[in-house]
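For reference, the chains in residue letters:
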Amino acid sequence: MANWHIQLHPNDIENWSKDDIKNIVEKTGYIGIGNWDKGKNLITQFKNSLVKGDYVVIRHKGPLGIVKIIGELEEVAEANLNWDLDWFAFRRKVELIEWFDKDVEREIGASIDGIYQTTALANARKSNFINSWVKRTHRRMEEKKKSEIQRLLEYKKQIILQGPPGTGKTRLAKEISEALTSPKNSIYTKAFIKERIKVGDIVNGRKNTTAYPVLEIKDNTILLGTSGDEREPTYDQIIESLIGKLWTKSSGDRKSNTLSYADSIAKFIYANENSEGFDYSLIKLVQFHPSYTYEDFVRGIVSVPNESGEGILYKAEDKTLGEFANLALDNYLRSKGQSKHDSTFQNKLAELIETVRIKMDAGEEYSFGEKSTAQIIAIKEDGFLYNFPLRQEIKYKLLFDDIEKVYSARQKINKPIDLRDIESQIGLTMKGKYPYYYMILRKLEKLNVENVTLAKSSELKNFVIIIDEINRANLSSVLGELIYALEYRGEEVESVYKVGGDGKLTLPPNLYIIGTMNTADRSVGHIDYAIRRRFAFVDVLPEDLSNKLGEDFKTELFNKVAELFTEAHISPEFKPKDVQLGHSYFIQQYEKDDAGENIKEKPYDFKLRLKYEIVPILNEYLNDGVFKNDPVTIEKIKAIEDFKL
């Protein structure tokens, strides 16, 4: 891909205002060049050198706007030209990225360097101004794409990022997850920023090696003092950095007059708002494999030591998704002032537990009652352990979940035998212990604890589970009854396993699922239609990152490898977009410093990556029938193997 600039007006420039030129681009969606005798070289360049994906800065007495070419060359006969609108005998369809304005000027300046100003059309590879504008454009389009995927995830609740190897699917999933679990973007306003920074505050740089004093809080900018000059990042730039946590990104992407200073202010505000750091407990990552099952992911039977001291017990427990869904559901209910549990019971149980603890700390036993020798000897996470003085080596357990079920059914229980008769009906896990559950019930009823309505004290949070290589497992088997729950969020489904006597599972609205899928992996089965209907699929495809990374992206090698992924070389049963090597294979890697930044003086030898990562995959594609096994394809792979870096 290349960057260009074009002087978009005919020879009588004085009769064409900037608004006239904007009107042409906005109404037609084209840029172009006229057919005149002295412009043959420029016409040839416009016809043959510009390609889809190139960026073009439109000039008219200075910078006017930036567009991206999205169409092939079109030629219009002179008789068919609409002279009232444009003169483009040779034209290309474009996507308007943005017009030049004060915000762009504050970030990159207004002086177009590195070009011959009177040239109507030229390559802009030597213009720092244009290259900076393209980098800004690339960054904003990247954020726009991520924002669109995030909105899709918020609507659909579960998506799959699909694409060939090396396109950054897992990295993108993590970035979207962090954005979704961060404080709501709507809170980031000018007023929000002004309330959290004041004159005299010291703002550390991105790497904490420099510090800048806040000199003035202005209407549209914040003035920072630096060693060489003063810098004024805008509120929009600071908000953009807060939303994307851009101070965590590569500093090479944020070098400009003001961006790195906007990052510094954003980092200062974020650190003060989130003193404990980012809450990664809201994000969970798992990787599927062919032997992964429902019992690994949702609920399953596990063996645990028998706390009575003899043998082992088998019990059902929540696994990754079950546990995470419960956490999300608890937060969702609390944010609405509700709870999965009876708040009065919870308060009474907490009081009872504290009473037992005080007795035990004093070295005393806590007796069930005057007519029972049973005594509580330990408080576990899920219940009370008890024994009898004459048989101390044998231990028994009363589960808190069972105690809650008994408390909920208290209107039906007037004597121990009443509880015995409804043990199965109310779903007790530990059956046969009804006398002891009955005595605990009576103790709870005697406790005078105020019925406290649960306050809406918990902020609603989003929980995201990332499933890497989601298609490597049999999804129908792994998800089971949750296939229904994916579509009907908030509704209970019945699991084949009961945890604490309860077989119900709920996927709440604040639980999101992002799967990643390698479309080149033919060793695994396809996703069936019932599951596919419940997910939205997003393509994550190879990109030319030369505009973003400059010399750190091996553009020539990327293009040479991309030439293999066409119908001329790919077997008919494969689509090039499903198997093409992704852009991450062509990024120069460096050793890292303690802050995780690249040490530019210590690059890794890219020849190793070519020899041991890129070429082996190409040869594997050839052996597996992805590539056609013909002399031309084999010769192209050999040329890549011998490529001079």
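This structure is a prediction, so every number in the text was calculated from the model and none was measured.

### A closer look at the packing of helix α11 (residues 343–361) against helix α12 (residues 400–408)
Stage number 1. Running from amino to carboxyl end, α11 crosses α12 at an angle of 130°, the nearest separation of the two axes being 11 Å. It follows that α11 is oblique to α12 by the angle criterion. Remark: the crossing between α11 and α12 carries right-handed chirality. Residues T344, F345, Q346, K348, L349 and I353 of α11 lie in contact with α12, whose contacting residues are F400, I403, E404 and Y407.
Stage number 2. Looking at side-chain class alone, the contact of α11 with α12 contains six nonpolar, two polar and two charged residues.

### Some remarks on the sheet that holds strand β4 (residues 63–75)
Stage number 1. Ordered in space as β2-β5-β4-β3-β1-β6, the six strands form an open sheet in which the pairing is mixed. With partners counted over all chains shown, the strands left at the sheet margins are β2 (30–33) and β6 (121–123), one partner each. Adjacent strand axes in the sheet meet at a mean angle of 35°, parallel and antiparallel pairs treated alike.
Stage number 2. Sheet analysis places β4 next to strand β5 (residues 90–99), joined by eight bridges and oriented antiparallel. Across the sheet, residue I66 finds its bridge partner in β5, namely E98.
Stage number 3. Lying over the sheet, helix α2 (residues 40–48) contacts β1 (3–7), β2, β4, β5 and β6, oriented at roughly 75° with respect to β5.

### Some thoughts on the packing of helix α4 (residues 128–156) against helix α5 (residues 169–181)
Stage number 1. Direction vectors running N to C along α4 and α5 enclose 70°, while the axes themselves pass 10 Å from each other. Taken together, the axes of α4 and α5 lie roughly perpendicular to each other. Handedness of the crossing formed by α4 with α5: right-handed. For the pair α4 and α5, contact is made by K146, I149, Q150, L153 and E154 and by L172, E175, I176, A179 and L180, respectively.
Stage number 2. For the contact of α4 with α5, a count of residues per class yields six nonpolar, one polar and three charged.

How each quantity is defined
Residue numbers run consecutively from 1 along every chain, following the written order of its sequence. Residues qualify for local features only when their pLDDT is at least 70, as the model is predicted, and side-chain atom pairs are given and counted only at 80 or more; totals for whole chains, interfaces and linings, by contrast, use all residues. Excluding hydrogens and water, the side-chain figures rest on all heavy atoms present in the structure. Whenever a helix is involved, its axis is fitted only over the stretch in contact; in every case the axis is a line through C-alpha atoms, and angles between N-to-C directions fall within 0 to 180 degrees. Each helix is a run of H or I in the DSSP string that is no shorter than four residues. Each strand is a run of E no shorter than two, and both are numbered from the N terminus. Here the word oblique covers every angle except those under 35 degrees (roughly parallel), over 145 (roughly antiparallel) and from 65 to 115 (roughly perpendicular). Working rule for handedness: look at the near helix, and if it is turned counterclockwise from the far one by less than a right angle, call the crossing left-handed; if clockwise, right-handed. For this analysis, residues touch if any pair of their heavy atoms sits within 4.5 Å. Polarity classes work like this: nonpolar for Ala, Val, Leu, Ile, Met, Phe, Trp, Tyr, Cys and Pro, charged for Asp, Glu, Lys and Arg, and polar for all others, with Gly in that last group. Strand pairing is assigned whenever DSSP identifies at least 2 bridges connecting the two strands.

Keep in mind that these numbers describe shape and distance, not what the molecule does.
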